4 protein chains.
Amino acid sequence: MTVRFGLLGAGRIGKVHAKAVTGNPDARLVAVADAFPAAAEAIAQQYGCDVRTIEAIEAASDIDAVVICTPTDTHADLIERFSRAGKAIFCEKPIDLSVERVRACMKVVEETKGKLMVGFNRRFDPHFMAVRKAIDDGRIGDVEMVTITSRDPGAPPVDYIKRSGGIFRDMTIHDFDMARFLLGEEVATVSATAAVLVDPEIGKAGDYDSVSVILQTKSGRQAIISNSRRATYGYDQRIEVHGSKGVVSAENQRPVSIEIANGDGYTRPPLHDFFMTRYTEAYANEIASFIAAIEKGATITPSGADGLAALLLADAAVKSVEEKRQIAVA
Amino acid sequence: MTVRFGLLGAGRIGKVHAKAVTGNPDARLVAVADAFPAAAEAIAQQYGCDVRTIEAIEAASDIDAVVICTPTDTHADLIERFSRAGKAIFCEKPIDLSVERVRACMKVVEETKGKLMVGFNRRFDPHFMAVRKAIDDGRIGDVEMVTITSRDPGAPPVDYIKRSGGIFRDMTIHDFDMARFLLGEEVATVSATAAVLVDPEIGKAGDYDSVSVILQTKSGRQAIISNSRRATYGYDQRIEVHGSKGVVSAENQRPVSIEIANGDGYTRPPLHDFFMTRYTEAYANEIASFIAAIEKGATITPSGADGLAALLLADAAVKSVEEKRQIAVA
Amino acid sequence: MTVRFGLLGAGRIGKVHAKAVTGNPDARLVAVADAFPAAAEAIAQQYGCDVRTIEAIEAASDIDAVVICTPTDTHADLIERFSRAGKAIFCEKPIDLSVERVRACMKVVEETKGKLMVGFNRRFDPHFMAVRKAIDDGRIGDVEMVTITSRDPGAPPVDYIKRSGGIFRDMTIHDFDMARFLLGEEVATVSATAAVLVDPEIGKAGDYDSVSVILQTKSGRQAIISNSRRATYGYDQRIEVHGSKGVVSAENQRPVSIEIANGDGYTRPPLHDFFMTRYTEAYANEIASFIAAIEKGATITPSGADGLAALLLADAAVKSVEEKRQIAVA
Amino acid sequence: MTVRFGLLGAGRIGKVHAKAVTGNPDARLVAVADAFPAAAEAIAQQYGCDVRTIEAIEAASDIDAVVICTPTDTHADLIERFSRAGKAIFCEKPIDLSVERVRACMKVVEETKGKLMVGFNRRFDPHFMAVRKAIDDGRIGDVEMVTITSRDPGAPPVDYIKRSGGIFRDMTIHDFDMARFLLGEEVATVSATAAVLVDPEIGKAGDYDSVSVILQTKSGRQAIISNSRRATYGYDQRIEVHGSKGVVSAENQRPVSIEIANGDGYTRPPLHDFFMTRYTEAYANEIASFIAAIEKGATITPSGADGLAALLLADAAVKSVEEKRQIAVA
């Protein structure tokens, strides 16, 4: 079986998914839609697919699934429309920045028995998958302490930050999902600390750029998240899971892994400087997992419920900083 | 000048300091005292020094400095006595488990113009010293986020734990001091989370074995501490300091650094399994620093005030766990 | 400009190149030929190209370049035919196992002003390219000592070994090319040692499985090559270049880079177990370099002369083992 | 039992051994002799031992063993004298630069049933010992290929080089011994290549500064040695042993093991810059092994025969370079 795709949104991340879909032997990219015709046209030419309107893709009988890469504020509406249209849906995170809106959207998905996958790409990084597998294989015993370090090479423009929902909903949300992915138990409490250390303009926009979070589950398992909007040495993405029988960790990835030594010491080149090159394999694996789930009629993960759970942790973190206390989550 | 030493306490840590003193060309071990004569006698024979009573050492004109390695509940009293006797004092941490008692003791030290060094040995580890030097040299710009991972190979006996003051005052206290050593600014708030994951008996004794702490300074600098009473792979001691211009880290030390590879992968031996072998060089450097400060009449660091500051952070952490909120420290 | 390709040979390595060609935006795969129609058909279907005979590809006006992936004993003939036909040629190594045949073939290429690239894929590995760039950038000063470690996960079938020309011409030849690529000066002498340590059957077939070689240039620069037909831990491919100002090295690549620690130590997974996954990027870069050279009319590297030079070193190594002495090369 | 020591030679290496002897609970330093009274006096004062003449030490009834750290050209004579005097002898390498003289000396040792240890300190490095233990424990199966990289931070003065016996007898000799220690089988052939790349003055003195050697045993096991008199990044000392079941390696040691990362990459400090700090533990272990062998009446290793064997390999290497061929050793 070949899964026939429509792509909604032909921007930067749309191109990544177009490549993943067309490179997958079990998928075909049938059509692309974008508010900017030129963007859609470029993808259409490169991969030999149609340019269509969103409405046409919604109504198409030759399309089984869509990939939603449009601006964030359109995600929930599009999920509802395409769920009603019976298409399998892969939607870039987040579903919405409002918990209420996400809940309403998920209700529609549920009522229409929709198939929805949310784009937490890091779950599909081969190294992080191997960490999860080591846990599942019992290599480290019971999970006790998860440590996630996640730092961006540089802050996005302040204009973006203003619309982003804040660092916890925009950046830490990936780490909240990763913590849930690894803890093996739902988070019960959130304690967060936040500051503006990188750029005062981010503070003026009402946001933070440097945050630390402790999550704890009911049984006492803990996850620590460290985030910064700045890392001079590249895109810093590390995880470590400490358990009763051992510890497993995934170190940073490097585009080039040589080492040069001289009187100043031993030097290796910096890390990837961009999330798209860092997570190239993750994006391809993510779409492959979506396609495989559709083909097998299997449960899709991460689901809308996973998207909601991460958003609830982000909201709790915001509240924890404001109220200077631990916040319990349902 | 040669600094002439009296050693109070000939137990495990007493032996470590006896070796450090006798191995230092600027020092001489003159006498040792211990409640168990055999213990004192063993050190006396090995290093050719006298066995004396504490009183005799207090009154001795041929002793300039003492190293206090007696049980914790005698530390404050001995500091007061030897400060009054005009001896320079190196005291193993902690001064006392009670903030009030520490304050009273420090008042005596102040009034008698005593010279007191508190044994936070990790400040003298060559790798951690190099981390601090990298900060001082401006290699990473302004400090922003400190991460300290500190896990013991195994929990001490529950009897010890009952007398220890609890994990924050017994174990995390080293990390509180290290955080202060690296943050370059006093800590303003403490947020702590704690659980019993290693051994239920520790919980029955009223303590925790797995804790996570976030410290924040007034300007927003953050330190994260992760502690566990169990690490199957050895004595896990890592620090990382992230700054505006870069990051510096000190990885774990290994007694043997070979690697064996076969079909199961690449394997390196475990870490040191004991704090004394891990910190061999730190103990020697610590005493050397004490001796050098005495010789030069220089300020002694870490001081009693450093001991008090770390204890106040430990108390705040206890309170943070109990009250499920961030605690402000003076 | 788009370079239009014909693929000769649809076996294992043919598939690798088919993927590289079709994934390159400046190239198009027009036709494939193979003695086994089913193999050609599979590639034709996957990438939407024609199946044609070699003769048809030779005569085709819609084909600019060919990739030769047929059995080794057909390489020289095909190079001559396609050079006469005016096609640019990428040929898998070796051109031939006989120096005489290679010389005759290159004469035809020269007379027909042919464009020929020989498939020494390792020159295009991003890590090895970075090593070369570090040298070119003067990071290590003058090259003095090159060390190449190259070990296969397991020996090929003895039947293959019998036809292979022997380990020096089949396996070490890649390292001879890499040494030439890095030494920056032609090799003057070869000293080789060889043994059968892995499998006595290899010895019965008249070949070796474990060899060590020292190359030296006229000015005294040295390269050491260590080869084994067995490495339990995967496909071992390392290079190090020591120079007057420093050293640069490229370590092994791993498909998954996690680390698990417990009481037995710290363990990382084995290396890639197959040259095709190890050199995925190298194969794509290699074809991209070939295409770019055609488009720009630039000199193609590595050339037939490079293929010949490596073969001469292999022949010298064989002679060195037989005569137990250093062999001078022209 | 306490082994009572006389130290012959109070120079740089003499001080190292004085520290090792006095730091060992089973030994006592009784006397020191040196042609320069001030040098002997300094050691005598630091460790509280006598200054005596060599003759007095030879005749002393309160001395069981001597450590010979005098100039190389006195070694053989002193070994003979002290062997006749019935003292156990630890002698710094080499016994002599002449094979004939070594053979004559060993004859005396044999006739007098002397106990002689030769100072190949690297065998006692804890990391290299662990490599050997891994082999002995069967962790890598049968040894096949040994790789030894040994580079000095800088060349010694040319005056030293003129008296040194040449790089093979002065520097590579340590690696010849290490190869023998690891190969598990005697070396049968030597192939060496040598050049002057570091300093033309070394060439004018008739020596080389950059050499590569292949050793082979009768069964075909191979060892590769790479030496340079220059390494900008410190004292480079690595070994790797490849076997039928796996590989074991010992990487370089660093005095400080931090890492600093910024936009230029990840940088670790250089290696040790001096053999004495690199091999501090080895020197202490070496003397401890000598003492233990005396106490137990056990066989002493490495013996005079080991010293001779390494020298024969050095002579063969010289001949191999001169005659441009493989040299067979008895």
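Residues numbered from 1 in each chain as written. Chains lettered and ligands numbered in written order. Predicted model: local features only at pLDDT ≥ 70, side-chain atom pairs only at ≥ 80, totals over all residues. Heavy atoms only, no water.

In the annotation of an unreviewed UniProt entry, chain A is listed under the name Inositol 2-dehydrogenase and assigned to Shinella sumterensis. Recorded in UniProt under Sequence similarities (unreviewed entry), the annotation for chain A is "Belongs to the Gfo/Idh/MocA family." (UniProt positions renumbered as here; feature names shortened; annotations may be inferred.)

Student: Whenever I open this one, the UniProt feature "domain: GFO/IDH/MocA-like oxidoreductase" (unreviewed entry) in chain A confuses me. Can you help?
Tutor: When the UniProt feature table is mapped onto this chain, "domain: GFO/IDH/MocA-like oxidoreductase" (unreviewed entry) is found at residues 128–248 of chain A. Split by type, residues 128–248 of chain A is 30% helix and 36% strand. Its first and last C-alpha atoms lie 10 Å apart. (Helix = DSSP H or I, 4+ residues; strand = E, 2+ residues; numbered from the N terminus.)

Student: What is the right way to read the sheet that holds strand β2 (residues 27–33) of chain A from this model?
Tutor: In a beta sheet, neighbouring strands pair by backbone hydrogen bonds and run either parallel or antiparallel. Residues and elements named next belong to chain A. Across the sheet, 6 strands lie side by side as β3-β2-β1-β4-β5-β6; this open sheet has parallel pairing. Each edge of the open sheet is held by one strand with a lone partner, namely β3 (50–51) and β6 (116–119). Inspection of the sheet shows strand β1 (residues 3–8) paired to β2 by 6 bridges, in the parallel sense. Across the sheet, the residue bridging to L8 is A33, located in β2. Here helix α1 (residues 12–22) sits on the sheet and contacts β1, β2, β4 (65–68) and β5 (88–92); the angle it forms with β2, its principal contact strand, is near 150 degrees. (Pairing = 2+ DSSP bridges. Contact = heavy atoms within 4.5 Å. Axes fitted to C-alpha atoms, helices over the stretch in contact; angles between N-to-C directions.)

Student: Which parts of the structure should I look at to understand the interface of chain D and chain A?
Tutor: Quite often, the size of an interface is put as the accessible area lost when its parts meet. Listed as interface residues are 16 residues of chain D and, on the opposing side, 16 residues of chain A. Taking both sides of the interface into account, the surface hidden between chain D and chain A amounts to around 1200 Å²; carbon and sulfur atoms contribute 47%. Of all residues in chain D, Y233, Y266 and R268 of chain D bury the most surface against chain A, accounting for 45% of the area lost on that side. There are 2 salt bridges connecting chain D and chain A. (Buried area = accessible area lost by both parts, 1.4 Å probe. Salt bridge = Lys/Arg side-chain N within 4 Å of Asp/Glu carboxyl O.)

Student: I tried to follow the relation of the copies chain D and chain A on my own but got confused; where do I start?
Tutor: Here two copies of a chain appear, and what relates them is a rotation about an axis with a shift along it. Mapping chain D onto chain A is achieved by rotating through 180 degrees and translating by 0.0 Å along the same axis, at an RMSD of 0.0 Å. Look at the turn and shift together and you get a two-fold axis relating the two. The position closest to the rotation axis in chain D is occupied by the C-alpha of T267 of chain D, lying 2.1 Å away. The overlap is high: 100% of the interface residues of chain D also sit at the interface in chain A, so the same surface is used on both sides. (Least-squares fit on C-alpha atoms with pLDDT ≥ 70 in both.)

Student: Quick question: what am I supposed to make of the pairing of strand β5 (residues 88–92) of chain B here?
Tutor: Consecutive side chains of a regular strand alternate in pointing toward one face of the sheet and then the other. Residue and element names in this part refer to chain B. Buried residues dominate β5, accounting for 5 of its 5 residues. Bridge count between strand β4 (residues 65–68) and β5: 4 bridges; the pairing is parallel. When the bridges of β5 are listed, I68 appears paired with C91. Crossover handedness for the path β4 to helix α4 (residues 75–84) to β5: right-handed. Bridge count between β5 and strand β6 (residues 116–119): 4 bridges; the pairing is parallel. Among the inter-strand pairings, E92 is bridged to a residue of β6, identified as G119. As for the winding sense of the linkage, the β-α-β connection from β5 through helix α5 (residues 99–111) to β6 is right-handed. (Buried < 20%, exposed > 50% of the residue type's maximum accessible area, 1.4 Å probe, protein only. Right-handed = clockwise from strand over helix to strand, strands pointing away.)

Student: Help me understand the UniProt feature "domain: Gfo/Idh/MocA-like oxidoreductase N-terminal" (unreviewed entry) in chain A, please; the structure alone is not making it clear to me.
Tutor: Here the UniProt-annotated "domain: Gfo/Idh/MocA-like oxidoreductase N-terminal" (unreviewed entry) positions come out as residues 3–120 of chain A. For residues 3–120 of chain A, helix accounts for 43% and strand for 24%, while the C-alpha atoms at its two ends are 21 Å apart.

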